[in-house]
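Fold and contact review
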Amino acid sequence: MGKGTLVAMLRERLDCLGLTVSATTREPRPGEVEGTSYYFMDDDEFDRLVEGGEFLEWAWVHGHRYGTLRREVERVTGRGLSVILEIDVQGGLNVRRADPEAVLVFIEPPSAEELERRLRGRGTEDEASIERRLSGAREEMGKASLYDVRIVNDDLERACAELQDVIRTYETNGGPTEDVCDQA
Ligand code: 5GP
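Description of the structure in this document. This structure is a prediction, so every number in the text was calculated from the model and none was measured.

1. Quick notes on the site of the ligand
Around the ligand there are 17 residues in total, and S22, R26, Y38, Y66 and D88 lie nearest to it. Within the side chain of R26, one N or O atom sits 2.6 Å away from an oxygen atom of the ligand. Within the side chain of Y38, an N or O atom sits 2.5 Å from an oxygen atom of the ligand. Burial of the ligand by the protein amounts to 92% of the accessible area it has alone, namely 510 Å². If you list the elements that add at least two residues to the shell around the ligand, you get strand 4 (55-61) and strand 5 (64-69). Partitioning the shell around the ligand into residue classes produces five nonpolar, five polar and seven charged.

Here it is, written out as structure tokens:
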């Protein structure tokens, strides 16, 4: 199971975390819902948001653009929650530039073979997209050392426990929602 599953599991356990909905120019997959999975948009609309300074960060990922809207972060923090962003490495590094206190956690697949198996098993990508995603993942692995923490996602339960520890440490060091997280 990949990053998405890990983050979903974490959110079930910690109700101090809020997830933002990203904007993207990629096409929706079957079953994806506008405003819940992503804000799906064309290039012109994405350009307008970029020009309007509406993104905390955005990046090209696997041939499409993805970005975190400032107003999404404000929506989550406005509810007293900590924000968890499930984004690519360039985006993560841009968030750190915008907020040096951000904690960057690199979620590593157990191996390139396992990542390929997961991507194929999901059945949502065509061959070109799978190849693009695998080469993107190899590139991202080269930047893992720039992150604060690395967690290998080989065992979902263990990876989730490690991620919970990282968040607990962050909250203890003055994260915005210490009390809420402690109760969870
Ligand atoms: P997918 O197309 O599978 O939904 O997402 C592909 C990748 O895009 C994700 O693994 C994630 O790393 C990245 N991504 C999703 N949302 C954002 C975002 O808002 N900003 C950035 N920089 N990357 C994102």
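2. Here we look at the pattern of salt bridges
Two side chains carrying opposite charge are able to pair once their charged atoms lie near each other. For the structure on display, the rule yields 19 salt bridges. Among the ionic pairs, R117 bridges to E114, the shortest N-O distance being 2.9 Å. Of this pair, R117 and E114 are both found in helix 5 (residues 112-122), three residues apart, which corresponds to roughly one turn of the helix. Between E125 and R133 there is a salt bridge whose closest N-O contact spans 3.3 Å.

Conventions we followed
- The residue numbers shown here count from 1 along each chain, following its written sequence.
- Since the coordinates come from a predicted model, pLDDT governs what is reported: local features require at least 70, and pairs of side-chain atoms require 80 or more to be given and counted, while whole-chain, interface and lining totals use all residues.
- Calculated side-chain values reflect all of the structure's heavy atoms, with hydrogen atoms and water omitted.
- Being near a molecule or strand, for a residue, means having at least one of its heavy atoms within 4 Å of it.
- Between N or O atoms, a polar contact is any pair within 3.5 Å; within protein, one atom must be a potential hydrogen donor and the other a potential acceptor, and residues adjacent in sequence are included only when both atoms are from side chains.
- Areas reported here follow the Shrake-Rupley algorithm with a probe of radius 1.4 Å; residue values treat only the protein chains shown as occluding.
- Secondary structure counts use DSSP, requiring at least four H or I residues in a row for a helix and at least two E residues in a row for a strand, with both numbered from the N terminus.
- Put simply, Ala, Val, Leu, Ile, Met, Phe, Trp, Tyr, Cys and Pro go in the nonpolar bin, Asp, Glu, Lys and Arg in the charged bin, and everything else, Gly too, in the polar bin.
- Whenever Lys or Arg places a side-chain nitrogen within 4 Å of a carboxyl oxygen from Asp or Glu, that contact is recorded as a salt bridge.

Such coordinate-based values are descriptive only and should not be taken to indicate function.
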